Each structure stands twice: as structure tokens, then as C-alpha cells.
Amino acid sequence: MKELIIEMENYAKEKNVPIIEKESIAFIMKYIKNNNIKNILEIGSAIGYSAILMASSNAETKVTTIERDNERYMECLKNVKKAGLEKKITVVFQDALEVNLSDVKYDMIFIDAAKGQYTKFFEKFQYFLAPDGVIITDNLNFHGYVGKKDEIESKNLRGLVDKIEKYIEFLKENEEFETEFLKLGDGISISKRRG
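Definitions and limits used
Residues numbered from 1 in each chain as written. Predicted model: local features only at pLDDT ≥ 70, side-chain atom pairs only at ≥ 80, totals over all residues. Heavy atoms only, no water. Buried < 20%, exposed > 50% of the residue type's maximum accessible area, 1.4 Å probe, protein only. Helix = DSSP H or I, 4+ residues; strand = E, 2+ residues; numbered from the N terminus. Pairing = 2+ DSSP bridges. Right-handed = clockwise from strand over helix to strand, strands pointing away. Phe/Tyr/Trp six-rings, centres within 6.5 Å; stacked < 30°, edge-to-face > 60°. Contact = heavy atoms within 4.5 Å. Polar contact = N/O pair within 3.5 Å; in protein donor to acceptor, adjacent residues only side chain to side chain. Expected span 1.5 Å × (residues − 1). Arc of directions from axis to C-beta.

Caption draft 1: Examining the pairing of strand S1 (residues 39–43) more closely. Most of S1 sits out of view: four of its five residues are buried. As paired elements, S1 and strand S2 (residues 62–67) share five bridges and run parallel to each other. Note on S2: the bridge partner recorded for Ile 43 is Ile 66. This β-α-β element, S1 to helix H3 (residues 49–55) to S2, shows right-handed connectivity. Bridge analysis of S1 against strand S4 (residues 106–111) gives four bridges, and the strand direction is parallel. Counted as the bridge partner of Ile 40 is Met 108 from S4.

Here is the structure:
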């Protein structure tokens, strides 16, 4: 497994595929273990890096991961098979905003896909969260650009950062969820329903 993880990290670097930072995934794996999380929904599989690590952090943990890019989806399937985790990881090839989930409740929902769609993902998938479940979002710092919009020259990048900043505001003002922001990796948020 360790060899596969290193192989995936190298692949991501070579092909410029964004994968979660080590500090962030280490925190999430610990969180899964400490909170006995069994059922995870991941929005954005990429090559399966975080899904494989999350699924292997606890014996009973199962992950459903959604990916819309064909090449990444195929790579993810290949890696899940190499890791021998086909029974624990279900890979769905579809746009997350078009996915119809059956009546499943997840202990944890991990959002790490198209940054510009974070609010839509949260609004759609919050209904599939178990009552005491948690929604974790990655990349809220976005390589240090968040909060420094005026310094960005690229219009596209500025637009993306604007959407992430709006998502952070959406989380802060959300009356149903209480969110904790952590300065880990590229910035993480943990949202729980208010009790």
C-alpha cells in the first residue's frame, strides 16, 4: 500500500493532478478513526488518493466517491483495484450535481471537487448527512490566494477565489451548521449541524 501511495503522489505531480495535502489527509484519517466514521461520500475522486487513504483508515469505513472526468475516473478505478479495496470503495462516474443518491445517510461528506461549485455541493449533499455527521471541505485557503483577491491578475483565478470566499461566508452565516476552520494543509473546514 505504501508503494502505491508514493506511486500515486508521483503520478499526481507529473500529470498535474491536484491531490489533498499530506497534513490534511493525515488529519482526516485520524478524524475517521477517532469518530468511528463508517460511511463516507467524497465529491471529486481525482485518481483515488484520498478515497484509498480514507477507506484504509478504519476497518469498517466505506467510501463512495464521485468523479466526472473520464481519465481520472479510469485512473481511480485502477488504483482502487491495485489497493485491493473494491469492496470498500465505490467509484461513481458522473457530475456530482447530477448524481441521484438513493436513501443513504453518510457519517462524513468530503468536498474536494470544482472549487466554484462548493456552495452548490454543500446545499445538495447536506440532505444525505447523518444527523451527527460532518461535512469537511478542502482547499479553502486555495494556495494562499483567499483574502488576497486584489493581488490576482488572472480574471479566471480571481473569479474562482471570489467563489471560495463566498463559500466561506456561506458557511459562517449558515444557521443550520456550525463550522470550524482549520489552518491545515491548504485550509480545511469542518461543518456540523447545530445541536
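Let us keep going from here.
Caption draft 2: Region of the structure containing the packing of aromatic side chains. Tallying each qualifying case throughout the model produces nine aromatic pairs. Measuring from ring centre to ring centre gives 4.7 Å for Tyr 73 and Phe 93, while their planes differ by 25 degrees; the resulting arrangement is stacked. Here Phe 93 lies in strand S3 (residues 89–93) and Tyr 73 lies in helix H4 (residues 70–82), a separation of 20 residues in the sequence. When the centroid spacing of 5.1 Å and the interplanar angle of 80 degrees are considered together, the rings of Phe 122 and Phe 177 count as edge-to-face.

Caption draft 3: Focus on unusual backbone geometry. Residue Asn 139 is not a glycine yet carries a positive backbone phi of 65 degrees. In this structure, Asn 139 sits in the loop between strand S5 (129–137) and helix H6 (155–173). Residue classification places Asn 139 among the buried positions, given a relative accessible area of 11%.

Caption draft 4: Focus on the side chain of Ser 189. Within the secondary structure layout, Ser 189 lies in strand S7 (residues 188–193). For Ser 189, a relative accessible area of 0% translates into the label buried. With near-sequence residues (within four places) excluded, Ser 189 lies in contact with Ile 135, Ile 136, Thr 137, Leu 140, Leu 171, Thr 179, Glu 180 and Phe 181.

Caption draft 5: Local environment of the side chain of Asn 79. Here Asn 79 shows up in helix H4. Using a relative accessible area of 2% as the deciding quantity, one classes Asn 79 as buried. Of the polar contacts made by the side chain of Asn 79, one reaches the backbone oxygen of Ile 47; its length is 3.0 Å. Asn 79 has contacts with Leu 4, Met 8, Ile 47 and Ile 52, leaving out every residue within four places of it along the chain.

Caption draft 6: Seen up close, helix H2 (residues 22–34). Its 13 residues give H2 an end-to-end C-alpha distance of 18 Å, which sits within 8% of 18 Å, the value for a rise of 1.5 Å per residue. Three or more residues of H2 are buried, namely Ser 24, Ile 25, Ile 28, Tyr 31 and Ile 32. Here the buried residues of H2 occupy an arc of 120 degrees about the axis, which is enough to place them on one side. Away from its buried face by more than 90 degrees, H2 exposes Lys 22, Lys 30, Lys 33 and Asn 34. Where H2 is buried, its residues contact S1, H3, S4, S5 and S7. Backbone geometry just downstream of H2 places Asn 36 in the positive-phi region, at approximately 50 degrees.

Everything listed here is a matter of coordinates, which is why it stays silent on function.
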